[in-house]
Amino acid sequence: MSILDLTGIAQQFGDKILYEDLELHLNKGEHLGLIGQNGAGKSTLIKIITGEQLPDEGTIAWQKNIHVGYLDQYVEVDPTLSIKDFLKTAYAADFAKEAQIGELYMEYSESMNDKLLEKAGRLQTELDQGDFYQIDTLIAEMSSGLGLDVLGMDTPLEDLSGGQRSKLILAKLLLEKPDVLILDEPTNHLDDEHVAWLSQFLQDFNGTFVVISHDRDFLNQITTHIADIEFGKLTKYTGNLTKALKQKEQFQETYMKQYASQKKQIEKTEAYIRKYKAGSRSTMAKSRQKQLDKVERLTPPSSNAIAHFEFPYAPIVTTLALETTDLEIGYQRPLLPPINMTLRYGEKVAIRGFNGIGKSTLLKTLIEAIPKIDGEFHFPANTKINYFEQDLQWENPYQTPLQYLSEHFPKETVKELRKHLAKAGLPNQLAQEPLSTLSGGEQTKVKLCQLTMQKGNFLILDEPTNHIDQATKDSLRESLANFAGTVIVVSHEEGFYQDWTDRVIEISQ
């Protein structure tokens, strides 16, 4: 039974066409993964589904009385609320019923109207049969599963980092138990343990959901169907991601054979027409031209721009790349016990730990974006650090990638800048679009492109895979493995770093 129908959806931004006549039918109980390369329009489609954005053409039809829950990581919240009080707002309707019951009893004591008692009784039954008297337990379980409890349930929201806040909003949404969940990259701010917990939660979820994620293992575990956006069209497959990709490969092979056969026949017919259109067989040639004009030609196979990264190396002679001595990091107070670690030159290290523990704070301390609290850290002379920050924030979001890079590399010609962007997977058309209109993956490519234009011998990357598609991840993985210098990467995707890093450093309190 279909609970959502998208029909004839078309969307265009400037010269960039996202969809033409896109169709999607979401059935009750389906666990749907939405995939596609960076810039294919996945997040835009989510905005269309939730009503946040109207399509240029087409209709969106929801089944009546469906409660849709959307993971909006930028929703306005009361910063003075504690974590626990914010999570309790998931049960606002139940608390309203409890308050109404009290008011009904007050009215009854004055009027002795039995209808008031009957209404109060119905509301009380609804509370008894629901989750109202398990709220504290459910909040505790959710907070533990997503790692919020370690932050302190009385912590005000204004003290949370962006990642912690996103995780809190996800927890509230899951507690609300909507009929349909709409989740855009829900694992971006979760560590391995909490991704596993969310995966199990979604597998057990009785409702319907649509999830965008570039985490293949996560999608494989939670999905029953896959919707793939490619070249402006959406194709829906039955099965998890592995099964869907196999089906897609088979369809592509069949399509290529059909395209090649049709192309050969068209070329043969066109050659005949050219040869005989003015001779004794002109009547036959005209007849074949009419037949050819009626042929519905298959679209030529095309390919998206594939990123190829190469981080330039600045030579350095040293044995050690980094040494910390009783380093304390944090803001008003230390987040972690004193850190003592040593990295050999050329070593490639992954840093792992639950979200909010201080991984990003450690990196920002090392690049001196924030001051240390105590202790020491030391880089050898001639160390040149290139840093990738996970937040997609721009000083001027209306700049184009070309303008942004030109500002940072004024000696480079426009031709050279275009070449660098194209190599990073951003063709000329996207190079001239405002940064704010690019997808998360495309913005990430701009930041990675910047790193490929400046020499370094120490790469520090904070969650570089959050928004990029699998092909881009593969390219980034290969380039980091081949980099001659030292690398520190923070990533919640073990599959991204396990094959090329020398060791994993676990951070814990």
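Bear in mind the structure is a predicted one, so any value in this text is a computation, not a measurement. (Residues numbered from 1 in each chain as written. Predicted model: local features only at pLDDT ≥ 70, side-chain atom pairs only at ≥ 80, totals over all residues. Heavy atoms only, no water.)

Draft legend 1. Summary view of the packing of helix H5 (residues 135-145) against helix H7 (residues 192-204). Between H5 and H7, the least distance of the axes is 9 Å, while the angle of their chain directions is 130°. Classified by the angle their axes make, H5 and H7 are oblique. Judged by residue contacts, Glu141, Met142, Ser144 and Gly145 of H5 engage His194, Trp197 and Phe201 from H7. Across the contact of H5 with H7, the residue classes tally to 3 nonpolar, 3 polar and 1 charged. (Axes fitted to C-alpha atoms, helices over the stretch in contact; angles between N-to-C directions. Helix = DSSP H or I, 4+ residues; strand = E, 2+ residues; numbered from the N terminus. Parallel < 35°, antiparallel > 145°, perpendicular 65-115°, else oblique. Contact = heavy atoms within 4.5 Å. Nonpolar A, V, L, I, M, F, W, Y, C, P; charged D, E, K, R; others polar.)

Draft legend 2. Main features of the packing of aromatic side chains. Evaluation of the coordinates by the stated rule reveals 12 aromatic pairs. Ring centres 6.5 Å apart and planes at 20° place the aromatic pair Phe201 and Phe205 in the stacked group. The exposure class of Phe205 is buried, given its relative accessible area of 13%. Ring geometry for Trp394 against Tyr404: centres 5.0 Å apart, planes inclined by 85°, an arrangement best described as edge-to-face. Note that Trp394 is positioned in the loop between strand E14 (385-388) and helix H12 (401-408) and Tyr404 in helix H12, a separation of 10 residues in sequence. A relative accessible area of 14% means that Trp394 is categorised as buried. For Tyr404, a relative accessible area of 13% gives the class buried. Here the basic side chain of Arg288 rests over the ring of Tyr272, its NZ or CZ set 3.8 Å away from the ring centre. Taking the ring centre of Phe388 as reference, the NZ or CZ of Lys447 above it sits at 4.9 Å. (Phe/Tyr/Trp six-rings, centres within 6.5 Å; stacked < 30°, edge-to-face > 60°. Buried < 20%, exposed > 50% of the residue type's maximum accessible area, 1.4 Å probe, protein only. Lys NZ or Arg CZ within 6 Å of the ring centre and 35° of its normal.)

Draft legend 3. Main features of the sheet that holds strand E4 (residues 57-62). The strand order across the open sheet built from 3 strands is E2-E1-E4, with neighbouring strands paired in antiparallel fashion. Among the strands making up the open sheet, the edge pair consists of strand E2 (16-27) and E4. On average, adjacent strands in this sheet sit at an angle of 15° to one another, irrespective of strand direction. Taken together, the 8 bridges between strand E1 (residues 2-13) and E2 define a ladder with antiparallel strand orientation. (Pairing = 2+ DSSP bridges.)

These figures come from the coordinates and say nothing about function on their own.
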